[in-house]
Amino acid sequence: MSYVSLRREIVLTAREMFNQGLVRGTWGNVSARLPDKPGLLITPSGMDYLTMTPEDIVLVEGDAVIGRWKPSTELPLHQAIYEKRPDVGAVVHTHSLYATAFAVAGRPIPVITEEMAQVVGGAVDTAPYAPCGSSALAEVAVRYLNRKQAVLLARHGLVGVGRDLKEAMLSCIIAEKTAQIAAIAHMMGGCSELGPDEIRELRDNYLYKYGQNKE
Ligand SMILES: [Zn+2]
């Protein structure tokens, strides 16, 4: 079996998504770009995350689908993101509660916390409604994702991206957490957003200076 460690990481990410309550049942999906050639690995359609194994992950290279199961129905969405965003190495799609509430209300998740500016890099916009699994959905999602790390799908859910699976998962976690904070702060009288300069500075610091990376 090829790409064993990446398959394993996809299963662990999918399980974390389920255990954190970002999806219920078998909704949502996770993928990663292949490290050595065009193509991706993606979770199979409609399979229990807690019993999923690395062998169940589906390999997609061009039109070839390699594996024992059908890939996630949102495969076109994942493929469209990898095509338009060479910087993206992994995609996580959830139906988390508060983010989906913003997607239903058609309102962006605002940049009201430092971590939202750092990890997501701007407000999360809502792509107009298109049926799940359609190429129309893939097209609008990519357009509204733009250069950011997350996008909302109207009446549907959230997509987070990152350089790797950890980052894509973190984009989903922070977008969902910020949606929760925004909803609560709104009940307490409202919330003010960070400005474009502050967002840029926080994002740059996070990308290039945060953590243990030394020059
Ligand atoms: Zn979905």
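To keep things clear, this report deals only with the structure shown in the data block.

Criteria and thresholds
- The written sequence of each chain sets the order in which its residues are numbered from 1.
- For this predicted model, a pLDDT threshold of at least 70 governs which residues receive local features, and a threshold of 80 or more governs which side-chain atom pairs are given and counted, while totals over whole chains, interfaces and linings are taken from all residues.
- Only hydrogens and water are set aside; all other atoms, that is, all heavy atoms of the structure, feed into the side-chain values.
- Residues are said to line a cavity or pocket when one of their atoms sits within 4 Å of a point; the points come from a 1 Å grid over protein atoms alone, cavities being sets where a 1.4 Å probe fits but cannot get out and pockets being open sets with protein on both sides within 12 Å along at least five of seven lines.
- Grid points are joined across faces, edges and corners, and a volume is the space filled by probe spheres set on the points.
- Starting at the N terminus, helices and strands are each numbered in turn, a helix being any DSSP run of H or I of at least four residues and a strand any DSSP run of E of at least two.
- Side-chain classes are defined by residue name, with Ala, Val, Leu, Ile, Met, Phe, Trp, Tyr, Cys and Pro counting as nonpolar, Asp, Glu, Lys and Arg as charged, and the others, Gly among them, as polar.
- Between any two strands, at least two bridges found by DSSP are needed for them to pair.
- The contact criterion used is simple: two residues touch if any of their non-hydrogen atoms lie within 4.5 Å.
- Under this scheme, a helix contributes an axis fitted over its contacting stretch, all axes are lines through C-alpha atoms, and angles between N-to-C directions fall in the 0 to 180 degree range.

### Comments concerning empty space enclosed by the protein
Here is step 1 of the chain: With the rule as written, the count across this model stands at one cavity of 30 Å³ or more.
Here is step 2 of the chain: Reported here for the largest cavity is a volume of approximately 50 Å³.
Here is step 3 of the chain: Considering the residues around the largest cavity, the lining is formed by Val119, Gln149, Val161, Gly162, Glu167, Leu170, Ser171, Arg203, Tyr206 and Leu207.
Here is step 4 of the chain: Within the residue set of the lining of the largest cavity, elements represented by two or more residues are strand 8 (157-162), helix 6 (165-187) and helix 7 (196-208).
Here is step 5 of the chain: Class assignment for the residues of the lining of the largest cavity results in five nonpolar, three polar and two charged.

### Concerning the sheet that holds strand 2 (residues 40-42)
Here is step 1 of the chain: Pairing is mixed in the open sheet, where eight strands are placed in the order 4-3-2-1-5-8-7-6. Here the strands that pair on one side only, and so sit at the sheet edges, are strand 4 (64-66) and strand 6 (126-127).
Here is step 2 of the chain: Bridging between strand 5 (residues 90-94) and strand 8 involves five bridges; their strand directions are antiparallel. Residue pairing for strand 8: alanine 90 is matched across the bridge by glycine 162.
Here is step 3 of the chain: Each of strand 6, strand 7 (150-153) and strand 8 is contacted by helix 3 (residues 97-105), which is oriented at about 60 degrees to strand 7, the strand it contacts most.
Here is step 4 of the chain: Contacting strand 6, strand 7 and strand 8, helix 5 (residues 135-145) crosses the sheet at an angle of about 135 degrees to strand 7.

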